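Structure at a glance
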Amino acid sequence: MPLVNVMVNNRAYTIACDDGEEEHLKELAAHVDAKAREVLASVGQVGDTRMLLMAALLIADEHHELAAKVTAGAQAVSVSTGEKQSLHLRAEKAESHAADVLESAAKKLEDVAARLAHA
């Protein structure tokens, strides 16, 4: 299982992923980082955990909107059931992967905060 180094909010994280998923994981981390920066720009420093939660909520909102558009588009355009299922499964996989990355990042942030509190 490969380990990938990513940066979110100027912090380095090492995350495991499946073989062949390294670039995808880096893209997801870049998206999370962009959302984290968006949160910081709009509300300022709110703590790493809250900032990551807010970034995750923005990403979830994007996913929800895209899923609604896919559903509406599927109704407007004749798309086979197999294609819809494939798109839905890919979206679920991407959402699950992003949630795993965020959960891992949050755990690492908690570990760092705990170490800093004891230092």
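Everything numeric here is computed off the predicted structure, so don't read it as measured data. (Residues numbered from 1 in each chain as written. Predicted model: local features only at pLDDT ≥ 70, side-chain atom pairs only at ≥ 80, totals over all residues. Heavy atoms only, no water.)

1. With respect to the packing of helix H1 (residues 22–43) against helix H3 (residues 81–118)
A pair of packed helices is characterised by two quantities: the angle between their axes and the separation of those axes. Convention followed: Inter-axis angles, ranging from 0 to 180 degrees, are taken between N-to-C directions of lines fitted to C-alpha atoms, where helices are fitted over the stretch in contact. Each helix corresponds to a stretch of at least 4 residues labelled H or I by DSSP, and each strand to a stretch of at least 2 residues labelled E; elements are numbered beginning at the N terminus. Just so you know how the angles are binned, under 35 degrees is roughly parallel, over 145 roughly antiparallel, 65 to 115 roughly perpendicular, and the rest oblique. In this scheme the handedness of a crossing depends on how the near helix is turned from the far one: anticlockwise by less than a right angle means left-handed, clockwise means right-handed. For this analysis, residues touch if any pair of their heavy atoms sits within 4.5 Å. Only Asp, Glu, Lys and Arg are considered charged, only Ala, Val, Leu, Ile, Met, Phe, Trp, Tyr, Cys and Pro nonpolar, and every remaining residue, Gly among them, polar.
The N-to-C vectors of H1 and H3 enclose an angle of 65°; their axes lie 10 Å apart at closest approach. Between H1 and H3, the angle falls in the class roughly perpendicular. Crossing angle aside, the handedness with which H1 passes H3 is right-handed. For the pair formed by H1 and H3, the contact residues are His24, Leu25, Leu28 and Val32 on the first element and His97, Ala98, Val101 and Leu102 on the second. Along the lines of polarity and charge, the residues of the contact of H1 with H3 split into 6 nonpolar, 2 polar and no charged.

2. Looking at unusual backbone geometry
Phi is positive for Asn9, close to 55°, though the residue is something other than glycine. Of note in the backbone geometry, Asn10 takes a positive phi value of approximately 60° without being a glycine.

3. Brief notes about the environment of Ala91
Going by this rule: Working definition: with a 1.4 Å probe on protein chains only, accessible area under 20% of the residue-type maximum means buried, over 50% means exposed, and in between means partly exposed.
Inspection of the secondary structure assignment puts Ala91 in helix H3. Residue classification places Ala91 among the partly exposed positions, given a relative accessible area of 29%.

4. Examining the environment of Leu66
Turning to its location among the elements, Leu66 is positioned in helix H2 (residues 48–76). Residue class for Leu66 comes out exposed when judged on its relative accessible area of 52%. In this structure, the C-alpha to C-alpha distance between Leu66 and Ala91, residues 25 residues apart in sequence, is 9.2 Å.

5. Topic: the side chain of Lys35
Among the secondary structure elements, Lys35 is positioned in helix H1. With relative accessibility at 11%, the residue Lys35 sits in the buried group. The residues touching Lys35, leaving out its near neighbours within four places in the chain, are Ala55, Leu58, Ile59 and Glu62.

6. Points about the nonpolar core
Side chains that are nonpolar tend, in soluble globular proteins, to be buried together. How we decide: Definition used in this section: a nonpolar core is a set of buried Ala, Val, Leu, Ile, Met, Phe, Trp, Tyr and Cys residues joined via side-chain atoms within 4.5 Å.
If you look at the biggest cluster of nonpolar residues, it comprises 19 residues, and the most contacted ones within it are Val6, Val8, Tyr13, Ile15, Leu25, Val32 and Leu52. For this core, the secondary-structure elements that each account for two or more residues are strand S1 (3–8), strand S2 (11–16), H1, H2 and H3. Top element by residues in this core is H1. It accounts for 5 residues. Not counting residues up to four positions away in its chain, the partners in contact with Tyr13 are Val4, Asn5, Val6, Val8, Ala105, Lys108 and Leu109.

7. Structural notes on the pattern of salt bridges
The following threshold applies: Only one rule defines a salt bridge in this text: a Lys or Arg side-chain nitrogen within 4 Å of an Asp or Glu carboxyl oxygen.
Tallied over the full model, the rule gives 7 salt bridges. Where Asp48 meets Arg11, a salt bridge forms, and the shortest distance between an N and an O atom there is 2.7 Å. Here the residue Asp48 occupies a position in helix H2, and Arg11 occupies one in strand S2, the gap between them amounting to 37 residues. Taking the relative accessible area as the measure of exposure, Asp48 reaches 18% and is therefore buried. Each member of the salt-bridge network shares a partner with another, and the members are Lys35, Glu38 and Glu62.

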